[in-house]
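Residue-level listing of the chains:
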Amino acid sequence: MTNKHCRFCNADLKRTFVDLGRSPLANSLLSAEDIERGEASYPLHAYVCDDCLLVQLQEFERAENIFHDYLYFSSYSQLWLQHCREYAEQMSKRFALNGHSLVVEVASNDGYLLQYFKERGIGALGVEPAANVAKAAKDKGIPTEVAFFGVETAHRLAAAGKSADLIAANNVLAHVPNLHDFVAGFKLLLKPTGTATFEFPHLLCLIEERQFDTIYHEHFSYFSFLVADKIFARHGLRIYDVESLPTHGGSLRLFVCHADAPFARTSGIDDLIAKERSAGLDRIDTYAKFAEAVIDIKCELLDFLIEARRNGKSVVGYGAPAKGNTLLNYCGVGPELVAYTVDVSPHKQGRYLPGVQIPIRAPDHIFKTRPHHVLILPWNIKEEIMERMAAIRQWGGRFVTAIPKLTVLP
Ligand SMILES: [Zn+2]
């Protein structure tokens, strides 16, 4: 067995955060033909580094293989689009962006965010590794570099005269196997007075709300503020402001500048550091306890599904997010217990969840089969889903969520 090393500080990784067994890649939805062939699965084992406390997975599948034909088109969630519109509005004001400014988004997907800067006449440039998704952005008139972001890409863009007033890195830091190369790229592409913002799910929420299903192979790292601070400092960058956001079950948005840039550090940073310390995020025993909570969730969900089955009550899913695949694969729940799930994305309909092979239908299917329970897999947007599917109550249908504990919603 080879030694595992921390992707930030290179110390040996010995301590388990949580071991979720073997799981297929969470975003590799299956076609009917794929089901005949069998699937690869990989250990889904999160470690915490004893030295720097970074929670992380090892890279089992090359990032290139995970992301080259990605099925997640950001534009399908209305709530997410609203979040992006607000981001564009706030940043344009705060940094007085105009027609001479350049906003770069790293992992720009189908241009879902940059479209709002473009609307305001602000220069926009996307960097996106998945060619099919980048094409959707280009079709909207958003220039997009098809590449992984890192030192090499940043050098190329800088050599072409690009220098960013604002770089947005929303929900990408966690997806990066080579953390040092990625963060070093920001140092190269950012203007001396520019700001980079990073959004990522907050490890504090993951631990406190038992959000273990946000662990999947595509998420290599799980950050507290305390650890993120050390990572940026290592690369000559400095966090000068922070916001807590409700997205993805609780995220942080960091405002990062060059170490010597004239941005004053806000008091919000000290408040957050105090909060993380009082939650024990600076102590290894806090991390060592997490795995027990995850076993409790598995037992609660299985109890519920088995009892529903015994009482002749049907259960179906809503959504086909990566987190649903972690939950269902870890708990061993297949179509015998959750007959099907539904998703608004036409790219997902007609396919199957990996591993557990639960079929994905269009949302209307729920109105045809009238199930007793709808298990909401993307619990982070449950309000939006309950509103959209409110009509299930006409036949007494109830919504259910499994995280942070099994709950049948009123
Ligand atoms: Zn470390």
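What counts and what doesn't
Residues numbered from 1 in each chain as written. Predicted model: local features only at pLDDT ≥ 70, side-chain atom pairs only at ≥ 80, totals over all residues. Heavy atoms only, no water. Donors = N, O, S within 2.8 Å, 3.2 Å for Na, K, Ca; no water. Tetrahedral: all angles 85-135°; square planar, octahedral: opposite > 155°, others 65-115°. Helix = DSSP H or I, 4+ residues; strand = E, 2+ residues; numbered from the N terminus. Buried < 20%, exposed > 50% of the residue type's maximum accessible area, 1.4 Å probe, protein only. 1 Å grid on protein atoms, 1.4 Å probe; cavity = no way out; pocket = protein on both sides within 12 Å on 5 of 7 lines; lining within 4 Å. Points joined across faces, edges and corners; volume = space filled by probe spheres on them. Polar contact = N/O pair within 3.5 Å; in protein donor to acceptor, adjacent residues only side chain to side chain. Contact = heavy atoms within 4.5 Å.

Student: I'd like a rundown of the coordination of the zinc ion, residues and numbers included.
Tutor: Here the zinc ion is held by C6 (SG), C9 (SG), C49 (SG) and C52 (SG), and the distances to it run 2.3 Å. Bound by 4 donor atoms, the zinc ion shows angles of 101 to 119° at the metal and therefore tetrahedral coordination geometry. Read in sequence order, the donor residues for the zinc ion give the motif C-x2-C-x39-C-x2-C. Taken together, the positions of C6 in the segment before β1 (15-23) and C52 in the loop between β2 (42-48) and β3 (55-56) put the pair 46 residues apart, joining distant regions of the chain. The pair C6 / C52 is uniform in exposure class, with both members buried.

Student: Before we move on, could you go through empty space enclosed by the protein and cite the residues and values that matter?
Tutor: Taken as a whole and assessed by the stated rule, the structure comprises 2 cavities of 30 Å³ or more. What lines the largest cavity is A174, F200, P201, L203, L206, T214, H219, S221, Y222 and F223. When contributions to the lining of the largest cavity are tallied by element, the ones reaching two or more residues are β8 (190-201), α8 (203-208) and β9 (221-222).

Student: Help me get a handle on the side chain of T286, residues and values and all.
Tutor: Relative to the helices and strands, T286 resides in helix α11 (residues 284-288). From its side chain, T286 meets the backbone oxygen of G280 in a polar contact 2.6 Å long. When residues no more than four places from it in sequence are discounted, the contact partners of T286 are A279, G280 and L281.

These results come straight from atomic positions and should not be treated as a statement about function.
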